[in-house]
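# Structural overview for review
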Amino acid sequence: MDDVEVPVFYDDESDFVGHEYLQDTEYEYEYEDVERETLSELYHYCLEPTIYDTMSYILPLFISTIIFRLSVHSQYVSHKAFHLLSMLTGIYNVYYYVGECLYVLLILCTISYITLHIPKKYYKNIYVFLPSLLIIAYCEFSMSSVVWHKVRSVIMTMAMKTISIAIDKIDAHNLPNIYSYMGYTFCGVTCLFGPWLSFKDYISVRYTNNQDKWWIFYTIQYWILSFLFLTISNCWIQWMITDTSWKWLLAYRDALSFRMSHYFISYIASTLLLLGGFPFASSTIVKPLKIEFPRSLVHVVVCWNIPMHFWLKTYIFRPSIKYLGKFGAVTMTYLTSALLHGLNFQLAAVLLSLGFYTYVEFQLRLLLATIFDACIASKQCTKNKCTHTYKSQNSWWVLLTNIMFSGLSIFHLAYLGLMFDTSELQETGYSYVHTIEKWSQLGFASHWVVFATYCVYFLIR
């Protein structure tokens, strides 16, 4: 592929299902005579209510998705009616789950559609982003912290849709009509949990049937996995790693809990995509194994949210690298991701830190791979096409080096993911004070390690 030689480094974060437990700010717990729950108690007081309440909560979303699927290939539903039905189911889902932002989404879509018809000489590329950024800024300052934290991922998904369709159509003369535009932006399958899908993918689901006969089994598999991740996040992790554990183990627990909740949301979104009639190829949103056992942080940020990875690479990274260079494009990509999530210090700090982490790691490992002619770069060589002399299969030190970098990535993930704990601040968003306190408790260890890594790279380059 043409983009293999230009890797992309960024990450995305969404608002996920929360968890509640008591947590001291110093990671020091003094509980006496506290016994771990029995498996029976864990089932009755956590597993059972978690599964039952979540299934009851998302049931209307599944029903609306089935309605969408029935209209996809129905010969009795015209194309205009299909788009109208897609829009109405999306508006219903938004009103039912996050009604606080319905009027904002309607305003964003209306303004964005109007801007599509502005003559090109008055409509530069940068103006494509203005409606979305202005709406996000408005929400940031006008909504309460609780409401904004609840709805920002929905608005972010809508912003990504309007920006992508504007860029794709800016040089085209076949602008979408109002029905297809609103049907795409308010698509009932993707309006809440995402993911971002291109306008072309949305239109194609109506005209082509890319699902095989096993789609129902894949749907059930995704659904089961989503609830497995939910129970791990809400119940099993806190049961296995108690509050009296070592502070770094607690940091890993909190970060793992956050990642599992992300997997839950991602697999629910994948379930909805398949149930809604979208092809299996577009249903892969996250790859948990490559995140939990990473070769590098580059793999983590790519596999964290694959559709958003593609969006950022297509609409931000590639256009930016022509004018800003590789490091500038990386910074611009992470900055855009942070802005789409709102003006939040913690998200910006984590995303920009991750951007610097991945850039330093990529450059160092590429340099070492060149010097030693070994397969130790951040991105693994394609099977049967690796030209390095030393590989994991024929050299123990190459295998050990890759394992060491994998362990370092897990260490960084625990440090960065600790920010998204389950304290009371999760309802309102995390402040800069919370961020600094969390990192200071661990001595800013991860940042110091990356700084040392950069020094090594600087000295040997």
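Scroll up a little and you will see the structure.
The structure displayed is predicted, hence computed values, not measured ones.

What counts, and where the lines are drawn
- The numbering scheme is per chain: residues are counted from 1 as the chain's sequence reads.
- Totals for whole chains, interfaces and linings use all residues, but because this is a predicted model, local features are given only for residues with pLDDT of at least 70 and pairs of side-chain atoms are given and counted only at 80 or more.
- Side-chain figures throughout are based on the complete set of non-hydrogen atoms in the structure, without hydrogens or water.
- In this description, the term disulfide denotes a pair of cysteine sulfurs within 2.5 Å.
- Helix numbering and strand numbering both begin at the N terminus, where a helix is a DSSP run of H or I of at least 4 residues and a strand a DSSP run of E of at least 2.
- Buried residues are those whose accessible area, probed at 1.4 Å on protein chains only, stays under 20% of the maximum for their type, while exposed residues exceed 50% and partly exposed ones sit between those limits.
- Lines are fitted to the C-alpha atoms to define the axes, a helix being fitted only along its stretch in contact, and any angle between axes, read from their N-to-C directions, falls within 0 to 180 degrees.
- Angle categories are assigned with fixed cut-offs, so that under 35 degrees is roughly parallel, over 145 is roughly antiparallel, 65 to 115 is roughly perpendicular, and the rest are oblique.
- By definition in these notes, contact holds between two residues if any of their heavy atoms fall within 4.5 Å.
- Under this grouping Gly is polar, as are all residues other than the nonpolar Ala, Val, Leu, Ile, Met, Phe, Trp, Tyr, Cys and Pro and the charged Asp, Glu, Lys and Arg.
- A helix's residues, less one, multiplied by 1.5 Å, set its expected span.
- We define the bend at each residue as the angle formed by axes fitted to the 7 residues ending at it and the 7 residues starting at it.
- Here a polar contact means two N or O atoms within 3.5 Å. Within protein one must be a hydrogen donor candidate and the other an acceptor candidate, and residues neighboring in sequence count only if both atoms are side-chain atoms.
- Two rings from Phe, Tyr or Trp (for Trp, the six-membered ring) form a pair when their centres are within 6.5 Å of each other. A pair whose planes differ by under 30 degrees is stacked, one over 60 is edge-to-face, and the rest are tilted.
- Take the buried residues of types Ala, Val, Leu, Ile, Met, Phe, Trp, Tyr and Cys, join any two whose side-chain atoms come within 4.5 Å, and each joined set is a nonpolar core.
- Exposure above 30% relative accessible area and the absence of a salt bridge qualify a residue for a patch, where like charges join within 9 Å and nonpolar side chains (Val, Leu, Ile, Met, Phe, Trp, Tyr) within 5 Å.
- Surface accessibility in these figures is a Shrake-Rupley result with a 1.4 Å probe; residues are shielded only by whichever protein chains are displayed.
- Here, a salt bridge means any Lys or Arg side-chain nitrogen found within 4 Å of an Asp or Glu carboxyl oxygen.

## Remarks on the state of the cysteines
- Taken as a whole and judged by the stated rule, the model has one disulfide.
- At a sulfur-sulfur separation of 1.9 Å, the disulfide partner of Cys46 is Cys235. A torsion of -90° about the S-S bond marks the disulfide between Cys46 and Cys235 as left-handed. Linking Cys46 in helix α1 (residues 39–72) with Cys235 in helix α8 (residues 215–240), this pair joins segments that are 189 residues apart in sequence. Each member of the pair, Cys46 together with Cys235, is buried.
- Left unpaired, Cys101 is separated from the closest cysteine sulfur, that of Cys139, by 7.6 Å.
- Judged by its relative accessible area of 0%, Cys101 is buried.

## Brief notes about the packing of helix α14 (residues 396–417) against helix α16 (residues 445–460)
- Contact geometry for α14 and α16: axes closest at 9 Å, N-to-C directions at 140°. Here α16 runs oblique to α14, going by the angle between their axes. For the pair α14 and α16, the contacting residues are Leu408, Phe411, His412 and Tyr415 in the first and Ala445, Ser446, His447, Val449 and Val450 in the second.
- Residues that form the contact of α14 with α16 fall into these classes: six nonpolar, three polar and no charged.

## With respect to helix α12 (residues 306–340)
- The first and last C-alpha atoms of α12 sit only 16 Å apart over 35 residues, clearly below the 51 Å expected at 1.5 Å per residue.
- Along α12, the largest kink reaches about 130° and is centred on Leu324.
- Measuring from the backbone nitrogen of Met308 back to the side-chain oxygen at the start of α12 gives 3.1 Å, which picks out Asn305 as the cap.
- Looking at the residues trailing α12, positive phi occurs at Gly342, about 105°.

## Let's talk about the environment of Ser266
- The topology assignment puts Ser266 in helix α9 (residues 247–275).
- Between the C-alpha atoms of Ser266 and Ile285, which are 19 residues apart in sequence, the distance is 6.1 Å.
- Setting aside chain neighbours within four positions, we find Ser266 in contact with Ile285 and Val286.

## Overview of the packing of aromatic side chains
- The final tally for this structure, using the stated rule, is 32 aromatic pairs.
- Seen in terms of ring centroids, Tyr113 and Tyr181 are 5.0 Å apart; in terms of plane orientation they differ by 55°. Their pairing is tilted. Taken together, the residues Tyr113 in helix α3 (residues 102–115) and Tyr181 in helix α6 (residues 178–185) connect sequence positions 68 residues apart.
- Given the relative accessible area of 15%, Tyr113 is considered buried.

## Some remarks on the nonpolar core
- Formed by 104 residues in total, the largest nonpolar core has its most connected members in Cys101, Ile155, Trp311 and Leu340.
- The dominant element in this core, judged by the number of residues it contributes, is α9, at 15 residues.
- Among all residues touching Cys101, those that are not within four sequence positions of it are Val94, Met143, Val151, Val154 and Ile155.
- Among the nonpolar cores identified, the runner-up in size contains 10 residues, and Leu368, Ala374, Ile376 and Ala377 belong to it.

## A look at the side chain of Ser164
- Note on placement: Ser164 falls in helix α5 (residues 145–169).
- A distance of 2.9 Å separates a polar atom in the side chain of Ser164 from the backbone oxygen of Lys161.
- Sequence-distant contacts of Ser164, that is, excluding residues within four places in its chain, are made with Tyr184, Trp196, Trp311 and Tyr315.

## As for a nonpolar patch on the surface
- Together, Leu133, Phe141, Tyr323, Leu324, Met332, Leu335, Leu339, Leu343 and Leu352 line one region of the surface with nonpolar side chains, adding up to about 880 Å² of accessible area.
- Element by element, the count of residues in the nonpolar patch is highest for α12, at five residues.
- Relative to the elements of secondary structure, Leu339 occurs in helix α12.
- Judged by relative accessible area, which is 32%, Leu339 ranks as partly exposed.

## Quick look at the pattern of salt bridges
- Enumeration according to the criterion identifies four salt bridges in this entry.
- Two residues, Asp254 and Arg253, come together in a salt bridge whose shortest N-O distance is 3.6 Å. For the residue pair Asp254 and Arg253, the accessibility class agrees, reading buried in each case.
- Note that Arg259 is salt-bridged to Glu292, the shortest N-O span being 2.8 Å. Separated by 33 residues along the polypeptide, Arg259 in helix α9 and Glu292 in helix α10 (residues 288–292) bring together distant segments of the chain. With respect to class, Arg259 is no different from Glu292; both count as buried.

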